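As a plain string of letters, each chain reads:
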Amino acid sequence: MSPYERLTVNLVQRGAEALAKASELTGHTKTDTVNRALQVYAYLEEVRAQGGEVLIRRSGGEIEMINFL
């Protein structure tokens with residue numbers, strides 16, 4: 001059995017732009033970027049499902065809660 005699962009995804013424009021931006025920022029391929037994004041998304045959803053919050057601390061010290069997930 002292959003360690004890979006092939007998947008066809010239709011991205012909306014906003015998703016396609018986010019994928020291109022993330023790939024450019026990290027230097028990862030689109031495939032690697034999607035794999036990493038899914039792992040992060042699953043982790044964040046797990047935290048929220050267990051009653052936790054997802055917070056971001058910006059370089060200036062500002063903290064914001066992530067509500068878009």
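Please refer to the structure placed before this passage.
Just so you know, these numbers come straight off a predicted model, no measurement behind them.

Caption draft 1: How the structure looks around a nonpolar patch on the surface. Residues Leu7, Val9 and Leu11 make up a contiguous nonpolar surface patch of roughly 300 Å² in combined accessible area. With respect to the secondary-structure elements, Val9 resides in the segment before helix H1 (13-26).

Caption draft 2: Quick look at the layout of surface pockets. By volume, the largest pocket is sized at about 1,300 Å³. The wall of the largest pocket is formed by 29 residues, among which Thr33, Val34, Asn35, Ala37 and Leu38 lie closest to the centre. Per-element accounting of the lining of the largest pocket gives the leading share, 11 residues, to helix H2 (residues 30-49).

Caption draft 3: Layout of H1. The end-to-end C-alpha distance of H1, which contains 14 residues, comes to 20 Å, matching closely the 20 Å that a straight helix rising 1.5 Å per residue would cover. Positioned one or two residues after H1, Gly27 has a phi angle of 80°, which is positive.

Caption draft 4: Representation of the environment of Leu11 within the structure. Assignment of secondary structure puts Leu11 in the segment before H1. Owing to a relative accessible area of 45%, Leu11 belongs among the partly exposed residues under this scheme. Spatially, the C-alpha atoms of Leu11 and Glu45 are 21 Å apart, while their sequence positions differ by 34 residues. Not counting the four nearest positions on each side in its chain, Leu11 is found in contact with Ala16 and Leu19.

Caption draft 5: Spatial organisation of the packing of H1 against H2. Their axes nearest at 9 Å, the elements H1 and H2 cross at an angle of 100°. With respect to their mutual orientation, H1 and H2 come out roughly perpendicular. Where H1 approaches H2, its residues Leu19, Ala22, Ser23 and Thr26 are matched on the opposing element by Lys30, Thr33 and Val34. Of the residues belonging to the contact of H1 with H2, the class tally is three nonpolar, three polar and one charged.

What counts as what
- Residues numbered from 1 in each chain as written.
- Predicted model: local features only at pLDDT ≥ 70, side-chain atom pairs only at ≥ 80, totals over all residues.
- Heavy atoms only, no water.
- Patch = residues over 30% accessible without salt bridge, like charges linked within 9 Å, V, L, I, M, F, W, Y side chains within 5 Å.
- Areas by Shrake-Rupley, 256 points an atom, 1.4 Å probe, with all protein chains shown as cover.
- Salt bridge = Lys/Arg side-chain N within 4 Å of Asp/Glu carboxyl O.
- Helix = DSSP H or I, 4+ residues; strand = E, 2+ residues; numbered from the N terminus.
- 1 Å grid on protein atoms, 1.4 Å probe; cavity = no way out; pocket = protein on both sides within 12 Å on 5 of 7 lines; lining within 4 Å.
- Points joined across faces, edges and corners; volume = space filled by probe spheres on them.
- Expected span 1.5 Å × (residues − 1).
- Buried < 20%, exposed > 50% of the residue type's maximum accessible area, 1.4 Å probe, protein only.
- Contact = heavy atoms within 4.5 Å.
- Axes fitted to C-alpha atoms, helices over the stretch in contact; angles between N-to-C directions.
- Parallel < 35°, antiparallel > 145°, perpendicular 65-115°, else oblique.
- Nonpolar A, V, L, I, M, F, W, Y, C, P; charged D, E, K, R; others polar.

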